[in-house]
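In case you want the letters, here they are:
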Amino acid sequence: MLQQVEGSKAVAVAVAASRPQVICAYPISPQTHIVEELSRMVKSGELRGCEYVNMESEFAAMSGVIGASAVGARSYTATASQGLLYMVEAVYNASGMGLPIVMTVANRAIGAPINIWNDHGDAMSQRDSGWIQLYATSNQEAADMHVQAFKIAEELSVPVMVCMDGFVLTHATERVDVLEQDAVDAFLPPYSPRQLLDPDDPVSIGSMVGPEAFTEVRYLAHMRQLEALDVIPRVAAEFAAQFGRDSGGLLRSYRTDGAETIVIALGSVFGTLQDVIDAERADGVSVGLLGVTSFRPFPYEATHAAVQGARRVVVIERALAVGAGGIVAGDVRIALTGTEISQRTVIAGLGGRPITTTSLREMLGRAVRDELPALTFLDLDTGVVDRELRRLHPVDRFADVLPQT
Amino acid sequence: MEKPFAITLDVGSSLANHTGAWRVERPVYVDLTPPCAHACPAMEDPQKWLYAAEDGSYEQAWRTLVEANPFPAIMGRVCYHPCETACNRSFLDEAVGINAVERFLGDHAIEQGWALPVPATTTGRRVLVVGAGPTGLSAAYQLRRLGHEVTVRDTSPLPGGMMRYGIPAYRLPRDVLDAEIARIVATGVRLELSTRVDDMTAALAEGFDAVFVAVGAQIGKRAYVPAAEAARIVDAVSLLHDVAQGDPPLLGRRVVVYGGGNTAVDAARTAKRLGASESVIVYRRTRDRMPAHDSEMAEAIEEGVVVKWLSTVAHADAGHLRVERMELDETGFPQPTGEFEDLEADSLVLALGQETDLSLLDGVSDLTLTNGSVEVDSSFMTGHPGIFAGGDAVPAQRTVTVGVGHGAKAARAIDAWLRATALVEPDEAPLAEYAALNTWYYADAPHAVRPRLEAARRTTGFEEVVQGLDAETAAYEARRCMSCGNCFECDNCYGVCPDNAVIKLGTGKRFEIDYDYCKGCGICAAECPSGSILMVPETR
Amino acid sequence: MSSTGVKFYQVGSFAVGNRLLDPELRSAQSEQGRANSLTSGHRACQGCGEALGARYVLDAAMRAAQGRMVTVNATGCLEVFSTPYPETSWRVAWLHSLFGNAPAVATGVAAGLRATGKDDVRVVAQGGDGATVDIGFACLSGMFERNDDVLYICYDNGGYMNTGVQRSGATPPAARTTTTQAVGDEPGNVFGQGKDVPRIAVAHEIPYVATATVADLRDLEAKVDKAMGMHGARYLHVLVPCPLGWGSASKDTVKIARLATESGHFPVFEAERGEVTSVRKIRHQVPVEEYLTLQGRYKHLFSPVRRDDVIDRLQAMADRNIARYGLVEEVL
């Protein structure tokens, strides 16, 4: 049913339609509208059979869903930014124990300086946490991917993070085909836990593992996540077959056929980039777009295949690995192994800075002319940084990296 | 359930890890000798039968008790209970009233008509017991249990010896005495009364394989007291004997008893009951040096008996006595002072000790007599093979309890001699010391006081003075037992083991240490109330 | 004392067993078929009070729940010594997540059980004093204020023993730990710090709060029974001596716990909805010194120089407990 709704509400409805049994949450912008709506639905009776628990922190929220999941309840939470970092210990714990929790991350920058606006720094910090990470390009996809996420998580006994850009998506009202209960029920079977904390068949879950088996435990977790490279596209295909639209999957290609230059990006900037690609193509520039939906596990082979034939790729990142540069870029570089394709990294949209069509087209022009440095900060206020760097340090040390003035 | 590798484990799988390898000391269950048992002249083990009595298993308690002593109802009245004197509980609050419980069990057994065990087979060996007092009857009972044919002969018309003719009825009612003796006779002991054995050689010739001489000390010591012709003097043994036979002598209104033992007290209290308005004990030393038992003395004083301490009778005359005041010298021995006073007295009762008539042994070879007693070895055998002796006839403390013990020990020795085997007395386990107990665990509980007849009633007749416990109070008293040195299945060891390494075997079967897992921490031993677990160094 | 109705017996209600009682009145620990929730083969030190306390509590809880129970365990000694791969000593359904989140995990477990229709399954969470009064305190307080249906047990051994005996918010004053060493003018842990979590729990006005020790099993079991008979947030704080951290003989674990209560150093009480409802009276009062001298962690109070000033302050603390809770029976 098509509705003009806020992204958060669309997600809340999708989560509710997935029949979660326990939701533990703690409020943080820009995740709030999702959990507010879910709490209302539980209290009003619209969402039956679900316990909504107002926890005292994100650490407690993740801990709560760990407990709930361990007793076989389909469990959900949502967070963002500082909240995700505050729950980190439990985030790793959930994946370590293979509990199929689904969590929305309403992507937001992490401080200091404190900043409530969107970038991917929060989720990227959890790159190696053992969770599957899926990035939504739109509110429709965000909603759809939550339903898929439960299916993927429970099939693999691996937790799934659905990442959607804070404010840009969560607070944007647009037309969404809101998922309906019957359809979701047909798509998503009831949760059948792999392991269970159960007095009738008691086990000890969460034992201490020493050097003699820790490597094996980690290896098996790795192999288990790699299985997702098959499961994620299969579930997306099943979803497409039932709902008639493409949502989720590993990668999303847009006009990459024969493209000399391929832009690689995650999240909502995909929509903006589609417009940029269309405009560039109209101007006769051979460019295409590749969206990474599954950042973890990273689809190396699929990426490799998707960029075959291109001369260069430009990775647009909404996060920064300080001291290194791009984060996704590192994975792309691995995917490009064995090709002659050159790679450029663009850091864009940190802390909520808008990524404009104008800036993207200007950047792409330089890329196509092979004038783009290896690492570029889009729309950097060079006056400010130049002044600060010169004030603090001898300028010659930064001669290579300072933007030309 | 599909369990993730290493993270999720099957329950109880740590049993594969034998932590017993850590141990440097191991706990070991022991059975020590409780002080009550150690102190009992009759070889009773009160702890054992108190344990049974605690939960109301009175028949079991009684059966355990009578393995050592067939006279619990009598013991419960006349024993001076050295067990209670030794009882570790006295360090905590008050000694357990073992004697009271014993009496309850004895009385209850009489009420219930419980019988003593009858031997399944007989050995064909015949034993003659001379004397139907506590020693002789105890020996007869034990010998009968061992399968021998036993004949008991006594000069008196009724059995019981000093229990009948020495102990007043207000302390030991005759129906109780009769009942406990009848029970022994019922096991097949042949009792020949009013039969004097005065020729041991002749008796042996009747075909007895062994003889046990338990003739007691029936003769009052005739100490010299200067006296006028008209003075009325009787000895206490005769007095008590005549009273027992229903033929009390005339003592008058004012009676003086000379002596400081239990017999003196019995005589003084008996005089009161015979109508004396004044009953005075004259004793040459002080109360703390008096051999008479404290409780007897206390009851006597309650009944109005008066004592003149530090006094001797210098001269007896009709209607009055001359008494000399004494002083204790530095060794505690009384010395005359030369100070005299007169005391009105219609009669003087002498209670200065008893002697044994051993004339039946005249002409028996290889005997040694010393100070009127016959010498025996550790197995109660005299110098003459096959002739044993015990009780008051041999040098020992002269109490019913000691006599019963002699009888039982002698019976074992006679049995061994008859079977021509060496008598092997098991080594007594080490004594359970108070310091080894963990008394925290014992509930605070006062001694259950035996109700007593009002003192005023006592002097009007020979009704029993000390009353028995009811069943509830007896169980309560039994539960005060701390079971020193013997496991009583309180489950503490089973509970306090952090390693779950104590196996509970079930009621009556106690516990076992699981040395596969016991780390040797020692909590079980430290927290064992009764000190029944020792920590022993590992040697491997 | 909350234990009631044990009729007079040799050992009254003090020992583990009492053969004269009706079977249903006997302690869970005395049962031949007790749950043995924490079974043999675990790697706790000799004489571990926490291992003992955990079995006492969980066996009683298992009996009360008729086996319908799951447990959540914080990181710490209890977790480490019980479940090193490939062996676990637990015989109950058991979940370990993290050091500081056991109350929150338990909240989720309770919610999950309700949501999946297993309302009959009870939830018991447990952790050491570090997990409870320090790192997990926020989660504990959250669980309390929401009144989640969890019985939380704190096994208090007064420090971080698993990591090598460091100070926690439950370490008593003057006690030596590796981070409050017996050096300087004020050796050992300082006075005036530390967290009295039982009283903080009472302040949450949750249905039930109680303290107990491994030295009084009947009292402990009665409290577990009572707690298991209620719903909502419940807190039981159990003193468990640690031979390693306390520098005490392994055999003295129970004795030291007993002296802790008999000296007034550790008050044993219970409270319902914010009000103290009963206290376990001191039976044979002892000076706190008797409690201290068995423990190496207080050795510096007695040698090389006797510190009467410090001992007096500890006695004053015990006296304050005695006055606050009325631990000594009034002599009429």
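Calculation criteria
Residues numbered from 1 in each chain as written. Chains lettered and ligands numbered in written order. Predicted model: local features only at pLDDT ≥ 70, side-chain atom pairs only at ≥ 80, totals over all residues. UniProt positions renumbered as here; feature names shortened; annotations may be inferred. Domains from an automatic or database assignment. Contact = placed C-beta atoms within 7 Å. Helix = DSSP H or I, 4+ residues; strand = E, 2+ residues; numbered from the N terminus. Nonpolar A, V, L, I, M, F, W, Y, C, P; charged D, E, K, R; others polar. Expected span 1.5 Å × (residues − 1). Buried ≥ 20, exposed ≤ 12 C-beta atoms within 10 Å, placed from the backbone. Core = buried A, V, L, I, M, F, W, Y, C linked by C-beta atoms within 7 Å. Pairing = 2+ DSSP bridges. Axes fitted to C-alpha atoms, helices over the stretch in contact; angles between N-to-C directions. Parallel < 35°, antiparallel > 145°, perpendicular 65-115°, else oblique. Left-handed = near helix turned anticlockwise from the far one by under 90°. pLDDT = per-residue confidence, 0-100. Right-handed = clockwise from strand over helix to strand, strands pointing away.

Chain C is annotated in an unreviewed UniProt entry as Pyruvate ferredoxin oxidoreductase from Pengzhenrongella frigida.

As named in an unreviewed UniProt entry, chain A is Pyruvate ferredoxin oxidoreductase, taken from Pengzhenrongella frigida. Chain A has a UniProt comment under Sequence similarities (unreviewed entry) that states "Belongs to the pyruvate:ferredoxin/flavodoxin oxidoreductase family."

Caption draft 1: Geometry of the domain arrangement of chain A. All names here are of chain A. Domains assigned within chain A are domain 1 (2-243) and domain 2 (251-398). Here the C-alpha centre of domain 2 lies 28 Å away from the C-alpha centre of domain 1. Contacts between the two partners involve 27 residues from domain 1, matched on the other side by 21 residues from domain 2. Among the secondary structure elements, those contributing two or more residues to the side of domain 1 that touches domain 2 are α6 (121-124), β6 (132-135), β7 (160-165) and α9 (214-243). For the side of domain 1 that touches domain 2, the element with the most residues is α9, which contributes 5 residues. When grouped by side-chain class, the residues that make up the side of domain 1 that touches domain 2 number 15 nonpolar, 9 polar and 3 charged.

Caption draft 2: Representation of helix α8 (residues 134-145) of chain B in the model. Residues and elements named next belong to chain B. With 12 residues, α8 ought to run about 16 Å at 1.5 Å a step, and its terminal C-alpha atoms sit 16 Å apart, in line with that. Among the 12 residues in α8, 12 count as buried, and that is most of the element. Among the residues of α8, Pro134, Thr135, Gly136, Leu137, Ser138, Ala139, Ala140, Tyr141, Gln142, Leu143, Arg144 and Arg145 are the ones counted as buried. Looking at the buried positions of α8, the neighbouring elements they touch are β3 (126-130), β4 (149-153), α9 (162-165), α10 (174-185), β6 (210-213) and α15 (400-418). In the segment just after α8, Gly147 is the residue with positive phi, at about 100 degrees.

Caption draft 3: Broad picture of the nonpolar core. With 393 residues, the main nonpolar core has Phe212(B), Val257(B), Phe388(B), Ala61(C) and Val109(C) as its most contacted residues. It is helix α1 (residues 49-64) of chain C that contributes the most residues to this core, 10 residues altogether. In contact with Ala61(C), not counting residues within four places along its chain, are Met69(C), Val124(C), Leu151(C), Val224(C) and Met228(C).

Caption draft 4: Spotlight on the interface of chain B and chain A. Every contact between the two is made by 11 residues of chain B and, on the other side, 17 residues of chain A. Pairing of strand β9 (residues 203-205) of chain A with strand β1 (residues 8-10) of chain B involves 3 bridges; the strand directions are antiparallel. Note that in β1(B) the partner of Ile205(A) across the bridge is Thr8(B).

Caption draft 5: Summary view of the environment of Asn486(B). Residue and element names in this part refer to chain B. Along the chain, Asn486 turns up in the loop between α17 (471-478) and α18 (492-496). Take Asn486: there are 24 C-beta atoms within 10 Å of it, and that puts it in the buried class. Look past the residues within four positions of Asn486 in its chain and what remains in contact with it is Asp31, Leu32, Pro34, Gln47, Ser530 and Ser532.

Caption draft 6: Representation of the packing of helix α2 (residues 46-54) of chain B against α17(B) in the model. All names here are of chain B. At their nearest, the axes of α2 and α17 sit 8 Å apart, and the two run at 130 degrees to each other. Comparing their axes, α17 and α2 come out oblique. In this structure, α2 crosses over α17, and the sense of that crossing is left-handed. For the pair α2 and α17, contact is made by Leu50, Ala53 and Glu54 and by Ala474, Ala475 and Ala478, respectively. A breakdown of the residues in the contact of α2 with α17 according to their chemical character gives 5 nonpolar, no polar and 1 charged.

Caption draft 7: Fine view of the sheet that holds strand β14 (residues 312-317) of chain A. Residue and element names in this part refer to chain A. Strand order in this open sheet of 6 strands is β10-β12-β11-β14-β15-β16, and the pairing throughout is mixed. Each edge of the open sheet carries a strand with a single partner, namely β10 (251-254) and β16 (375-377). Each strand axis lies, on average, 20 degrees off the axis of its neighbour in the sheet, ignoring direction. In this sheet, strand β12 (residues 287-292) lies alongside β10 in antiparallel orientation, the contact comprising 4 bridges. Considered in β12, the bridge of Tyr254 is made with Leu289. Contacts between helix α10 (residues 269-282) and the sheet are confined to β10, β11 (261-265), β12 and β14, with β12 contributing the most and set at about 165 degrees to the helix.

Caption draft 8: Layout of the sheet that holds strand β10 (residues 278-282) of chain B. Residue and element names in this part refer to chain B. Read from one edge to the other, the open sheet built from 5 strands follows the order β8-β15-β9-β10-β11, with strand pairing classed as parallel. The strands lining the two open edges of the sheet, one partner per strand, are β8 (233-235) and β11 (306-308). Strand-to-strand twist of the sheet, defined as the mean angle between neighbouring strand axes without regard to direction, takes the value 25 degrees. Looking at chain direction, strand β9 (residues 254-258) and strand β15 (residues 347-350) are connected through 4 bridges and run parallel. Among the inter-strand pairings, Val256 is bridged to a residue of β15, identified as Leu348.

Caption draft 9: Quick look at the interface of chain C and chain B. Taken together, the contact pairs 42 residues of chain C with 49 residues of chain B. Contributions of two or more residues to the side of chain C that touches chain B are made by α1 and α9 (253-262) of chain C. Looking at which element gives the most residues to the side of chain C that touches chain B, the answer is α9(C), with 4 residues.

Caption draft 10: Representation of unusual backbone geometry. Residues and elements named next belong to chain A. Along the chain, Ser29 connects to Pro30 via a cis peptide bond; the corresponding omega equals 0 degrees. For Pro30, the position within the fold is in the loop between β2 (22-25) and α2 (32-44). Here the residue pair Arg296 and Pro297 is connected by a cis peptide bond, since its omega of -5 degrees sits within 30 degrees of zero. Within the element layout of this structure, Pro297 appears in the loop between β13 (294-296) and α11 (300-306).

Caption draft 11: Structural view of the packing of α2(B) against helix α7 (residues 98-112) of chain B. Residues and elements named next belong to chain B. At a minimum axis separation of 11 Å, α2 and α7 run at an interaxial angle of 60 degrees. Between α2 and α7, the angle is such that the two are oblique. Crossing of α2 against α7: the hand is left-handed. The segment α2 lies against α7, with Pro46, Leu50 and Ala53 engaging Ile98, Val101 and Leu105.

Caption draft 12: Fine view of the confidence of the model for chain C. Residues and elements named next belong to chain C. Averaged over all residues, the pLDDT of chain C equals 94, while 96% of them reach at least 70. With pLDDT under 50 throughout, residues 1-7 is counted as low confidence; its partners more than four residues away or in other chains account for 19 contacts. If you check the scores for this complex, the pTM reads 0.91 and the ipTM reads 0.95.

Caption draft 13: Fine view of the pairing of β2(A). Residues and elements named next belong to chain A. Judged by which residues are buried, β2 turns out to be covered on both faces: Val22 and Cys24 on one side and Ile23 and Ala25 on the other are all buried. For β2 and strand β3 (residues 51-54), the ladder comprises 4 bridges, and the chain directions are parallel. Within β3, the residue paired with Val22 across the bridge is Glu51. For the crossover that starts at β2, traverses α2 and ends in the parallel β3, the hand is right-handed.

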